[in-house]
Each structure stands twice: as C-alpha cells, then as structure tokens.
Amino acid sequence: MKPLYAQTPGMSQELDTLLLWPALALLLFGIVMVFSASIATAEGSRFTGNQSTYFLARHGVFVAIGLVAGVIAFQIPMRGWQQLAPWLFIVGVGLLVLVLIPGIGREVNGARRWLSLGPVNLQPSELMKLFAVLYAADYTARKLADMGSFRRGFVPMALVMLLTGFLLLREPDFGAFVVIVAIAMGVLFLGGINARLFSLLIALLGVGLALLIWSSPYRMKRWTSFLDPFENDPFGKGYQLSHALIAFGRGEWTGVGLGASVEKLFYLPEAHTDFLLAVIAEELGFIGVAVVVALFALIVQRAFAIGRQALILERVYSGLVAQGIGIWLGVQAFINMGVNMGLLPTKGLTLPLMSFGGSGIVANCLALAILLRIDWENRQLMRGMQI
C-alpha cells in the first residue's frame with residue numbers, strides 16, 4: 001500500500017505543518033475572540049475587579065501552560081503513553097470521584113465539576129477525554145483478536161465506560177459524557193468490532209440517550225427549548241439559544257466588525273466559553289465562521305491521515321490514538337457549533353482550542369502534542385530509523 005507521506009526531500013521536515021499551523025491559528029484566534037467576547041463581562045463584574053483584561057490574562061496563561069505541557073508531552077514516546085494509559089485512566093476516575101465529594105468539589109450553577117487548586121480550578125472531565133482516548137486505544141490494541149466477541153471484546157470496555165458515565169452524569173456533565181461515549185465507540189469501531197454488534201449498540205445508545213433526556217426535567221426543558229427557543233418564556237432555557245441565533249443573524253456575510261458585537265453586552269450568557277462561535281459569527285460573519293470550520297476540518301483530517309499512516313506501519317496503538325483524538329476534537333467542535341447554530345440542544349461544551357477554560361485548553365494542547373509525536377514517529381520509521 002502506498003504511504004500517505006511520499007519519500008521526497010520534503011520528508012526532512014520534522015512536523016506536520018498542516019496540523020501544527022491550523023492548531024496554532026485556532027489558539028491565537030481564540031485569544032483574540034475570548035478578549036473580545038469577555039471584555040464587557042469583565043468590566044462589569046465585581047468578581048473580576050472590573051478589569052477588562054481579566055479573562056484575557058488568564059486565558060493567555062492557560063494557553064502558555066498548555067503549550068509548555070505540549071512540548072513536554074511530545075518528548076514521551078508512544079510506547080510510554082501506552083504503558084501509562086491504564087494508570088492515567090484510573091487517576092481520571094479518581095478525580096471524577098473527588099469532584100462529587102462535598103467540600104472538595106466546587107459547585108457552580110448547580111453543577112459540581114471543578115476541583116479548586118488555589119487560584120485556578122481543575123475540571124477533571126476535560127482531562128478524562130484525553131485519558132479515554134489513550135485507554136480505549138490501549139484496550140482495543142490488546143484485544144484485537146476479541147473484537148468480534150460481545151463478551152470478551154465489548155463488555156469489559158462497556159463496564160468501564162458505564163462507571164465513567166455514571167460519575168459524569170452525577171456532576172452532571174452530559175456533554176462530556178456524550179463526547180467520551182463517542183470516543184469509546186469510535187475507537188472500538190476502528191478497532192474492528194463486529195458490524196452487527198456495533199449497529200445494535202448504536203441503536204441501544206440512541207434509546208439510552210432518549211431515556212436520559214426524558215428522565216431529567218432539566219434536560220427535557222433544554223430539548224423543548226431547542227425545538228422552539230422563542231416560546232413563551234423569553235428568559236427560560238431558550239434564552240441563550242435565541243440570542244445566539246440573533247448574533248448569527250446580525251453577522252450576515254462579513255460581520256459587524258471585530259469588537260462591535262452587541263450580544264456580548266450582557267445579552268448572551270457564557271459568550272467567552274460555550275457561545276464563543278456566536279460572537280465570532282456576529283463580529284466576523286459567515287466568512288469568520290467558515291474559516292474556523294475549515295481549520296477544524298483540516299485538523300480532524302490530519303488526525304485521521306496520521307492514524308491511517310500509523311496503522312499502515314503496523315503501529316495499532318498509535319493509529320487508534322491519533323484517530324481517537326480526531327474523533328474527540330471533531331465531535332466536540334461539531335456539537336459546540338451545532339448548539340451555537342440552533343442545530344442541537346444546548347450542552348455545556350466549549351469550542352476546542354478557542355473557548356475560555358484552563359483544563360480544556362491544556363487537554364487540547366496535550367492531545368495535539370501526542371498527535372504530532374505519532375506523526376514524528378511515523379516519519380522516523382519511514383526513514384528506516386529506530387524510535
């Protein structure tokens with residue numbers, strides 16, 4: 001089979017620039033848009049000391065920490081990540097348990113998702129997405145011969161993910177639960193799970209998600225508000241979505257101009273986190289949104305291409321990790337964009353690499369560093385060098 005990377009003088013480059021530069025572009029663009037989206041909130045809040053650069057400064061620090069963590073992560077060989085995968089997953093589960101303990105976990109707006117670490121808060125569910133990728137890939141690589149078996153191939157992974165899902169739903173963090181389920185199912189599918197079994201599991205998963213929505217008045221209200229965000233109560237669950245749609249409408253093709261958004265002026269809640277794309281749409285229009293979508297599409301495409309190359313080189317674990325990262329970033333970006341555009345019910349999911357949030361930014365940077373490491377190792381092997 002023809003390799004995806006041609007053996008040409010261009011092979012002297014050490015990193016995949018089609019992955020690196022789009023990722024850095026989203027990080028830098030995110031800094032600009034977080035400042036633009038948060039400036040009014042920062043100036044008008046006692047919590048921030050009325051400092052207009054409060055969120056900008058913190059986000060800049062998070063990006064710097066993420067980049068440093070990424071450089072360190074890049075130094076670890078993939079065989080090291082595979083050895084660490086089960087232990088990291090156990091640490092992640094332990095952190096999810098700690099979050100639920102009163103007095104330890106920090107509660108905001110009825111959700112207990114954070115651990116206070118002095119001046120910053122750690123959100124374990126963000127790190128758990130990365131740990132789920134590493135563990136699911138390790139499990140699948142070890143169980144390749146059993147992927148056709150329901151009892152030996154699927155059940156052990158299902159039990160582990162059910163435990164993780166239970167802890168996430170207790171917070172509650174339904175968005176993270178959906179992303180982690182997508183990661184696990186995607187990696188199992190790529191690992192060769194029986195097609196009939198996979199189809200049945202998808203159907204059962206759909207029924208399970210429907211029951212989770214139906215059994216929770218909070219989630220049911222979000223669903224009905226998604227169907228009609230402008231119904232009756234203008235300040236109800238459809239408030240965020242209705243103002244996000246207004247932002248998209250105001251932006252038209254080229255936007256109202258960077259910094260000129262009206263919706264971020266206390267109309268659109270969480271403008272610098274969950275609804276950052278709505279501010280981008282209002283200020284930079286269709287063109288700005290299209291650029292963001294294209295950059296994410298390129299990153300996901302490179303993740304799958306790198307994963308495929310690793311599989312061609314018979315590096316099953318590395319290939320599944322790369323494609324698992326592609327699934328994670330792709331699914332989370334798709335859900336966030338869908339929510340902002342009114343195509344999906346509201347979820348508490350940020351836009352990867354861009355939205356304000358320290359844990360998410362650091363986890364994304366670590367994932368991209370691991371992806372670059374896989375690509376680097378692929379290139380070394382194709383040159384006939386040892387890794």
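Before reading on, note that the structure itself is shown above.
Residues numbered from 1 in each chain as written. Predicted model: local features only at pLDDT ≥ 70, side-chain atom pairs only at ≥ 80, totals over all residues. Heavy atoms only, no water.

Take the overall build of the protein next. Looking only at helices and strands, the protein features twelve helices and three strands. The contacts of the protein with a sequence gap of at least 6 include a subset with a gap of at least 24, amounting to 71%. Total accessible area computed for the protein in this model is approximately 17,300 Å², and 68% of it derives from carbon and sulfur atoms. (Helix = DSSP H or I, 4+ residues; strand = E, 2+ residues; numbered from the N terminus. Contact = heavy atoms within 4.5 Å. Areas by Shrake-Rupley, 256 points an atom, 1.4 Å probe, with all protein chains shown as cover.)

Strand order in the open sheet made by the three strands is β1-β2-β3, with antiparallel pairing throughout. Lying at the two open borders of the sheet, with one neighbouring strand each, are β1 (105–108) and β3 (120–122). Neighbour-to-neighbour, the strand axes of the sheet open up by a mean angle of 55°, direction not taken into account. With four bridges joining them, β1 and strand β2 (residues 111–117) adopt antiparallel strand pairing. Looking across to β2, one finds that R106 is bridged to W114. (Pairing = 2+ DSSP bridges. Axes fitted to C-alpha atoms, helices over the stretch in contact; angles between N-to-C directions.)

The next subject is the pattern of salt bridges. A full pass over the atoms with the stated rule returns nine salt bridges. Salt bridges sharing partners connect three or more residues here, namely R315, R373 and E377. (Salt bridge = Lys/Arg side-chain N within 4 Å of Asp/Glu carboxyl O.)

Right, let's get into the packing of aromatic side chains. Using the criterion set out here, one finds nine aromatic pairs in the structure. Aromatic pair F89 and Y135: ring centres 4.6 Å apart, planes at 25°, arrangement stacked. Of this pair, F89 sits in helix α3 (residues 78–99) while Y135 sits in helix α4 (residues 124–142), and the two are 46 residues apart along the sequence. Among the residues examined, F89 registers a relative accessible area of 5% and is labelled buried. Three or more aromatic residues joined by ring pairs form one cluster here, namely F47, Y54, F55, F62 and F356. The ring of F74 has R373 lying over it, and the distance from NZ or CZ to the ring centre is 5.8 Å. (Phe/Tyr/Trp six-rings, centres within 6.5 Å; stacked < 30°, edge-to-face > 60°. Buried < 20%, exposed > 50% of the residue type's maximum accessible area, 1.4 Å probe, protein only. Lys NZ or Arg CZ within 6 Å of the ring centre and 35° of its normal.)

Considering soluble globular proteins, one finds that nonpolar side chains tend to be buried as a cluster. Counting 107 residues, the largest nonpolar core has V292 and V321 as its most contacted members. Other than its neighbours up to four places away in sequence, V321 contacts M78, V133, L134, A137, I370 and I374. (Core = buried A, V, L, I, M, F, W, Y, C linked by side-chain atoms within 4.5 Å.)

The end-to-end C-alpha distance of helix α2 (residues 54–74), which contains 21 residues, comes to 30 Å, matching closely the 30 Å that a straight helix rising 1.5 Å per residue would cover. The complete set of buried residues in α2 reads Y54, F55, H59, F62, V63, G66, G70, A73 and F74. Each buried residue of α2 sits inside an arc of 145° when the element is viewed along its axis, so together they form one side. For α2, exposure combined with an orientation more than 90 degrees from the buried face picks out V68, V71 and I72. (Expected span 1.5 Å × (residues − 1). Arc of directions from axis to C-beta.)

Before going further, it helps to examine the environment of V63. Here V63 is to be found in helix α2. A residue is classified by how much of its surface remains accessible, and V63, at 5% relative accessible area, is buried. Separated by 298 residues in the primary sequence, V63 and I361 place their C-alpha atoms 6.4 Å from one another. Setting aside anything within four residues of it in sequence, one finds V63 in contact with L27, I31 and I361.

With that settled, consider unusual backbone geometry. Here the amide bond leading from E171 into P172 is cis, since omega sits at -5°, within 30 degrees of zero. You will see that F266, though not glycine, has its phi angle at about 70°, which is positive. Among the structural elements, F266 can be located in the loop between α9 (239–251) and α10 (276–312). Backbone geometry at E314 places phi at a positive 65°, although glycine is not the residue there. Here E314 shows up in the loop between α10 and α11 (316–340). Relative accessible area serves as the criterion here: at 71%, E314 is assigned to the exposed category.

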